[in-house]
Amino acid sequence: MSNIKFKLNGQDVDLNLDPSMRLLDVLRNHFQLTGPKEGCGEGECGACAVLLDGHIVHSCCLPLANVHEKEVVTIEGFSKTKRYQALADAMLEEGGSQCGICTPGMMIAAESLLSQNPKPTEDEIRIGISGNLCRCTGYNMIVKAIKTASKKGDGLW
Amino acid sequence: MRDISKSIPKEDHVEKVSGRALYVSDIKMDRMLFAKTVRSIHPKAKIESIEIPELPKDYFIVDYKDIPGENYVKMIFEDWPIFAENTVNYIGDPIMLVVGKNKHIINQIIEQIKIEYKILKPMFDYKKSVINKKFTKGNIKKAFVKPFKKVSGIYETGYQEQAYIEPQGFIAYPEGEKKITLIGSIQCPYYVKNAVIVALGCENDEVRVIQPTVGGAFGGKEEFPSVMACQLAVAVRKIGRPIKMIYEREEDMEVTTKRHPSKIKLTAAVDENHHIKGIKAYVSLDSGAYMGLSGVVLARAMIAATDAYTIDNLDVSGDVYETNTVPNGAFRGFGSPQMIFAFEMFMNHIAKELDIDPLPFRLNHLAKQNDLTSTSGIFRDPIIMEKMIQKAMEISDYKNKYKAYQDSSVFKGIGMSWFLHGCGFTGSGESTHIKAKVKLRKDKNNQVYILVAAVEMGQGAKTSLKKIVVQTLDIPSKQVTFNNPDTDFVPDSGPTVASRTIMIVGGLLARAALKLKETWIEDQEMEIIENYQQPEYIEWDEDTMQGDAYPAYSWGVNIVEVEVSPVTYQTNLKGIWSVYDAGKSIDDRLVLGQADGGIAQGVAYGYLEVMKHEKGKIRQKTMTDYIIPTAVDMPRTETVIMENPYILGPYGAKGVGELTLVGGAPAVALAIEQAITKKVKKIPATPEYIMELINHE
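In this text the structure is predicted, and so the values were computed from the model without any measurement.

**Q** Can you help me understand the overall build of chain B in this one?
**A** In terms of regular secondary structure, chain B is built from 18 helices and 28 strands. Here chain B has a C-alpha radius of gyration of 25 Å; the compact-globule value for 697 residues is 26 Å, and the two agree. The principal-axis extent of the C-alpha atoms belonging to chain B is close to 75 × 70 × 50 Å. In chain B, buried positions account for 59% of the 697 residues. When contacts within chain B are restricted to residue pairs at least 6 apart in sequence, those whose partners lie at least 24 apart make up 82%.

**Q** Would you mind going over the overall build of chain A with me for this structure?
**A** Regarding its fold elements, chain A presents 6 helices and 5 strands. Sequence-ordered secondary structure for chain A, helices as α and strands as β, is β-β-α-β-β-β-α-α-α-α-α. A compact globule built from 157 residues would reach a C-alpha radius of gyration of about 15 Å, and chain A, at 15 Å, matches this within 12%. Along the first, second and third principal axes, the C-alpha set of chain A runs to 45 × 30 × 25 Å. Taken over 157 residues, chain A has a buried fraction of 59%. Sequence separation of 24 or more characterises 64% of the internal contacts of chain A that already satisfy a separation of 6 or more.

**Q** Explain the domain arrangement of chain B to me, please; I cannot follow it from the model alone.
**A** Put simply, an interface is often sized by how much accessible area is lost when its parts join up. Residues and elements named next belong to chain B. Here chain B is described as being made up of domain 1 (30–122 + 163–255), domain 2 (262–426 + 544–696) and domain 3 (429–531). In this assembly, 25 residues from domain 1 lie in contact with 25 residues from domain 2. Broken down by element, the side of domain 1 that touches domain 2 gets its largest block of residues, 5 residues, from helix α6 (residues 249–255). Along the lines of polarity and charge, the residues of the side of domain 1 that touches domain 2 split into 13 nonpolar, 4 polar and 8 charged.

**Q** For this particular structure, what's the right way to read the domain arrangement of chain A?
**A** Residues and elements named next belong to chain A. Assigned domains within chain A: domain 1 (2–78) and domain 2 (82–152). Between domain 1 and domain 2, the contact holds 17 residues from the first and 14 residues from the second. Contributing elements (two or more residues each) for the side of domain 1 that touches domain 2: β3 (49–52), β4 (55–58) and α2 (75–78). No other element matches β3, which puts 3 residues into the side of domain 1 that touches domain 2. Broken down by class, the residue content of the side of domain 1 that touches domain 2 amounts to 10 nonpolar, 5 polar and 2 charged.

**Q** Explain the sheet that holds strand β7 (residues 128–137) of chain B here, please?
**A** By way of backbone hydrogen bonds, the strands of a sheet pair with one another, either parallel or antiparallel. Residues and elements named next belong to chain B. The sheet built from 6 strands is open, its strands ordered β7-β15-β14-β13-β8-β28 with mixed pairing. In this open sheet, the two edge strands, each paired with only one partner strand, are β7 and β28 (682–683). Alignment of strand β8 (residues 149–157) against β28, held across 2 bridges, turns out to be parallel. Opposite glutamate 156, over in β28, you have lysine 682 as the bridge partner. Relative to the sheet, helix α7 (residues 294–303) contacts β7, β14 (276–288) and β15 (313–322), its axis offset from that of β14 by approximately 160°. Packed on one face of the sheet, helix α8 (residues 336–354) meets β8, β13 (262–270), β14 and β28 and runs near 145° to β8.

**Q** Help me understand the interface of chain B and chain A, please; the structure alone is not making it clear to me.
**A** Of the residues lining the interface, 42 residues belong to chain B; the matching set on chain A comes to 40 residues. Of all the elements in the fold, those that place two or more residues in the side of chain B that touches chain A are α1 (13–17) and α15 (588–607) of chain B. Element by element, the count of residues in the side of chain B that touches chain A is highest for α15 of chain B, at 7 residues. For the side of chain B that touches chain A, a count of residues per class yields 17 nonpolar, 15 polar and 10 charged.

**Q** I tried to follow the confidence of the model for chain B on my own but got confused; where do I start?
**A** Across chain B, pLDDT averages 97, with 100% of residues at or above 70. For this predicted complex, the interface confidence reaches an ipTM of 0.98, while the overall pTM sits at 0.98.

**Q** Would you mind going over the sheet that holds strand β16 (residues 412–423) of chain B with me for this structure?
**A** Residue and element names in this part refer to chain B. One open sheet accounts for 4 strands, arranged β16-β23-β24-β27; its pairing is mixed. What marks the edges here is a single partner per strand, and that holds for β16 and β27 (637–641). The sheet shows a mean angle of 15° between the axes of neighbouring strands, direction not considered. In this sheet, strand β23 (residues 552–564) lies alongside β16 in antiparallel orientation, the contact comprising 12 bridges. Within β23, the position partnered with glycine 415 by the bridge is valine 560. Across the sheet, α15 lies against β23, β24 (571–581) and β27, angled at about 135° from β24, the strand it touches most.

**Q** Would you take a moment to explain helix α13 (residues 461–473) of chain B for this structure?
**A** Residues three or four positions apart in an α-helix share a direction because the helix packs 3.6 residues into each turn. Residues and elements named next belong to chain B. Here α13 contains 13 residues, and its C-alpha end-to-end distance of 18 Å stays within 8% of the 18 Å for a straight helix at 1.5 Å per residue. In terms of burial, α13 is largely enclosed, as 11 of its 13 residues are buried. The complete set of buried residues in α13 reads Ala461, Thr463, Ser464, Leu465, Lys466, Lys467, Ile468, Val469, Val470, Gln471 and Thr472. Packed against the buried residues of α13 are β17 (437–442), β18 (448–451), β19 (480–481), α14 (501–519) and α15. Where α13 ends, the next residue or the one after it, aspartate 474, has phi of about 55°, a positive value.

The rules we used
- Residues numbered from 1 in each chain as written.
- Chains lettered and ligands numbered in written order.
- Predicted model: local features only at pLDDT ≥ 70, side-chain atom pairs only at ≥ 80, totals over all residues.
- Helix = DSSP H or I, 4+ residues; strand = E, 2+ residues; numbered from the N terminus.
- Rg over C-alpha atoms; globule rule 2.2 N^0.38 Å.
- Buried ≥ 20, exposed ≤ 12 C-beta atoms within 10 Å, placed from the backbone.
- Contact = placed C-beta atoms within 7 Å.
- Domains from an automatic or database assignment.
- Nonpolar A, V, L, I, M, F, W, Y, C, P; charged D, E, K, R; others polar.
- Pairing = 2+ DSSP bridges.
- Axes fitted to C-alpha atoms, helices over the stretch in contact; angles between N-to-C directions.
- pLDDT = per-residue confidence, 0-100.
- Expected span 1.5 Å × (residues − 1).

This is how it looks when you write it as structure tokens:
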């Protein structure tokens with residue numbers, strides 16, 4: 001057991017847990033944050049993606065110890081922001097979500113990309129979300145949605 | 001009235017984008033236990049003895065001895081056991097569940113279980129045929145008398161894994177004294193319910209099945225969930241507490257159903273005018289250890305034997321072979337992708353043998369309205385393929401690219417596939433087996449409830465079916481409610497499979513809505529039930545496979561452009577163009593979404609997705625080893641929907657889900673073929689296979 005302190009969706013948290021636990025399990029089981037999903041458990045599919053200090057990470061491969069003194073944002077936290085709303089509107093308009101299991105991770109990937117590169121090209125978008133697998137959409141509509149969000153949400157990123 | 005095709009917001013958008021949608025793994029219950037499956041490690045063996053360690057309190061073993069009803073998973077045959085009894089028939093065959101509170105302790109118990117096997121000789125070759133089917137058309141003997149040219153080809157296809165991002169899972173719990181309720185990631189609530197009733201040997205009202213949000217299925221959650229459901233229901237009956245079983249990715253990939261590997265032999269007799277007189281087609285499918293739905297998959301493959309073409313004389317036969325490997329099953333397309341790959345390649349290969357341009361040769365054989373289908377039914381409805389082909393060639397600049405890429409030094413290619421897909425169940429399935437029933441209920445406040453067993457699994461069923469009802473009733477959208485199916489409330493409108501949801505279930509809902517509208521009494525409770533009725537002119541003989549195999553067909557054209565590296569033999573997709581006739585789209589954006597996702601799976605089936613077994617052991621059982629396309633692998637796609645309303649479909653709609661997959665593999669394979677100037681006869685066309693073709697042919 002170790003004392004782990006971090007910021008989760010804007011709130012300070014202080015846990016006494018096994019530091020080798022997967023961040024994904026801590027989020028889902030201790031905080032009931034079920035937005036991050038387990039798709040593969042080995043960092044391939046990105047369904048478990050969260051933001052760690054603003055950058056995308058796969059929470060299924062991240063030991064709890066690695067978030068000590070850092071800031072974690074899950075889809076639940078991100079969904080309270082204006083940037084989220086711009087992305088969500090664009091996903092609706094372009095049809096970027098089908099079964100929805102990859103969608104929270106895709107939203108996190110899009111946020112991570114746009115916060116570093118507010119005006120990405122199509123190729124940059126494809127590279128930016130290439131760590132997130134989607135089996136429903138063929139990615140076309142997700143790519144368009146991110147482009148639309150970047151345009152319509154101009155100034156947010 | 002507004003055009004129904006005009007897109008509306010997706011019904012489940014907000015909950016999915018915000019991460020609030022609840023999938024089965026997100027659901028927790030008080031006193032909940034977990035279950036894990038103990039499986040065979042041999043492809044074929046007799047179980048000699050099982051030694052169970054002493055179990056801690058509140059840990060349980062559940063096996064065949066606990067089954068109160070029959071030990072088989074109700075599908076078509078009765079050969080698929082819920083738990084193995086004396087023999088195991090594939091690596092992964094379930095023997096028992098270990099159930100308890102702590103997953104680590106469950107794993108420790110599993111490690112201590114000792115199973116002694118007597119190893120038997122497994123079968124991996126196509127030798128033991130369990131199902132054989134056959135049909136003919138015209139006079140095949142006559143067609144093969146002294147042909148101008150006889151051409152043959154053998155085509156092979158590999159496994160394909162559905163790779164839904166949400167692994168399979170269930171939570172089951174006792175409800176009251178007798179009832180067991182199951183919440184699971186499923187496509188077919190009533191398949192699950194009916195299977196569990198047989199397993200428990202219980203009454204109809206003792207099993208309830210509820211669908212949560214489903215994270216992708218693609219056929220993978222058609223029949224396999226019944227296996228898990230039966231096991232868990234037996235466990236709940238024994239233990240009396242809620243039990244959750246979610247597969248980890250590795251287990252899911254190793255033991256759940258996949259697309260059947262196939263070998264297809266085609267032989268054509270061609271006359272001096274380059275017209276095909278007759279074709280002999282032989283399809284063999286590897287079913288794995290149990291038959292499951294393999295017979296129906298074989299039927300769909302055989303019926304697709306001449307793809308989108310009309311051939312007057314046919315001899316079509318096929319076998320399903322039992323092997324000691326993981327059972328194969330439903331996957332979007334259901335036998336048709338294998339056959340359409342083989343046939344499209346074959347048409348081009350015949351043209352090559354004749355040393356003629358494949359395009360006019362193919363066009364001369366294209367099916368037309370009133371032609372006889374492969375099973376001697378009739379293509380009753382207008383076929384607009386020529387217009388569709390024209391359009392596809394136009395938007396892709398096909399002709400110029402094709403000409404330029406005939407230069408073998410550029411290592412570029414463009415491939416075009418034509419295809420059809422029969423909508424709804426094969427043969428008389430809808431009328432004799434499914435007998436779909438839908439219900440609309442109106443309460444005193446004039447809120448209308450859609451009661452069907454159709455599952456939203458990403459394809460947009462909720463949005464589309466609701467749209468049909470809203471538009472027909474001509475009332476505000478918020479006045480209509482479509483909750484996820486719960487078998488305690490919805491009638492059996494059939495499984496969410498076979499591109500039948502819009503055409504069949506949607507068609508029934510449109511009729512029910514019209515009746516409700518015509519008899520509408522304000523502020524009064526009302527209920528309308530509609531039952532499926534086969535159009536009278538449809539005749540089908542299941543034994544001889546003669547007649548109208550499907551009530552309607554959707555049609556498509558795919559064009560894929562590739563560049564193959566002459567150094568690494570890797571294929572890069574440069575562009576994808578598609579044109580579809582799915583009757584009338586109920587929602588353009590949803591249809592285009594199906595088109596994008598379907599072609600990605602279809603093309604990847606043709607060049608990227610490799611799964612093999614070695615002596616019965618699946619080699620690619622993680623997302624690292626089994627490669628599906630990423631956003632970087634996929635090029636931009638362009639799709640055109642062409643309207644060709646089907647008179648019996650709701651607003652003219654036909655099926656669309658599977659159609660968008662079936663042409664992908666031949667389109668990419670034909671493009672690779674042009675790029676490397678070698679005949680591609682096997683998919684996936686991997687760099688290794690391409691190297692072999694270039695170096696050894």
